[in-house]
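# Per-entry structural report
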Amino acid sequence: MSLVLDLEEDCDDHILLPPTNFYAVEHNCIYRSGFPQPTNFSFLNSLNLRSIIYLCPEPYPKANVEFLRINNINLFQFRIDGTKEVISSDIITEALRVIIDVRNHPVLIHCKRGKHRTGCLVGCLRKLQKWCLSDVVEEYKHFAGIKWRETDVKFLESFDVSRLYHCLEDYFNQYNDFSIKPNTCKES
């Protein structure tokens, strides 16, 4: 009987359980989820994360902080209240700056349940990726479920991604050692 228990305990250590609402936003580099629990740490470890973006005002729990320390993962916290209030464009812009900096990849974005705050940040990333607005809203609603918020949809509709174009150009220049030139091709 002890052999069976030992085998069961051994198997439990190798089960990779993702956090609630987990999804790969961009394969191998950007992920989203609800709040990771200690039972999710083995799964998170398999992602080789460099960074976590935490979108809640509450302090990160000690067990999670220790997991980050042991695995050399950077924590970026953006304090967004979980109420139905409008999200700050400035905070989302700062979080997007962390996401578009490839030095932070692979990165996990999460709030409590991975729905509203995370959905708004990912939706703004999708706008930056030039997704059509209907697809951005559809993805947001998919993860928010029946509790999607009209204020979040209005936020996604109105968020101006052009405020990030200069950041993209700066990163591009820094890592490619040349600047983006305007298109000078003549149409024939």
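Below you will find a few notes about this structure. On a predicted model such as this, the values are computed, not experimentally measured, just so you know.

Thresholds, definitions, all that
Residues numbered from 1 in each chain as written. Predicted model: local features only at pLDDT ≥ 70, side-chain atom pairs only at ≥ 80, totals over all residues. Heavy atoms only, no water. Helix = DSSP H or I, 4+ residues; strand = E, 2+ residues; numbered from the N terminus. Contact = heavy atoms within 4.5 Å. Salt bridge = Lys/Arg side-chain N within 4 Å of Asp/Glu carboxyl O. Buried < 20%, exposed > 50% of the residue type's maximum accessible area, 1.4 Å probe, protein only. Pairing = 2+ DSSP bridges.

### Considerations on the environment of Thr-93
Residue position: Thr-93 is located in helix α4 (residues 89-100). As for Thr-93 and Asp-160, which are separated by 67 residues in sequence, their C-alpha atoms are 9.4 Å apart. Aside from chain neighbours lying at most four places away, what touches Thr-93 is Phe-159, Arg-163 and Leu-164.

### Some words on the pattern of salt bridges
Summed over all chains, the structure comprises six salt bridges. Ionic pairing is found between Glu-26 and Arg-126, a salt bridge with its closest N-O pair at 3.2 Å. In this pair, Glu-26 is assigned in strand β1 (residues 23-26) and Arg-126 in helix α5 (residues 116-128), connecting sequence segments 100 residues apart. Judged by relative accessible area, which is 27%, Glu-26 ranks as partly exposed. The class of Arg-126 is buried, set by a relative accessible area of 2%. In this structure, Arg-69 engages Glu-66 in a salt bridge whose closest nitrogen and oxygen atoms are separated by 2.5 Å. With Arg-69 and Glu-66 both in helix α3 (residues 62-70) and three residues apart, the pair spans about one turn of that helix.

### Considering the pairing of β1
Two strands pair when backbone bridges link them, and β1 and strand β2 (residues 30-33) are joined in this way by three bridges, in the antiparallel orientation. In the strand pairing of β2, Tyr-23 is matched with Arg-32. If you look at the hairpin formed by β1 and β2, you'll find three residues sitting between the two strands, and Asn-28 has a positive phi there, around 65°.

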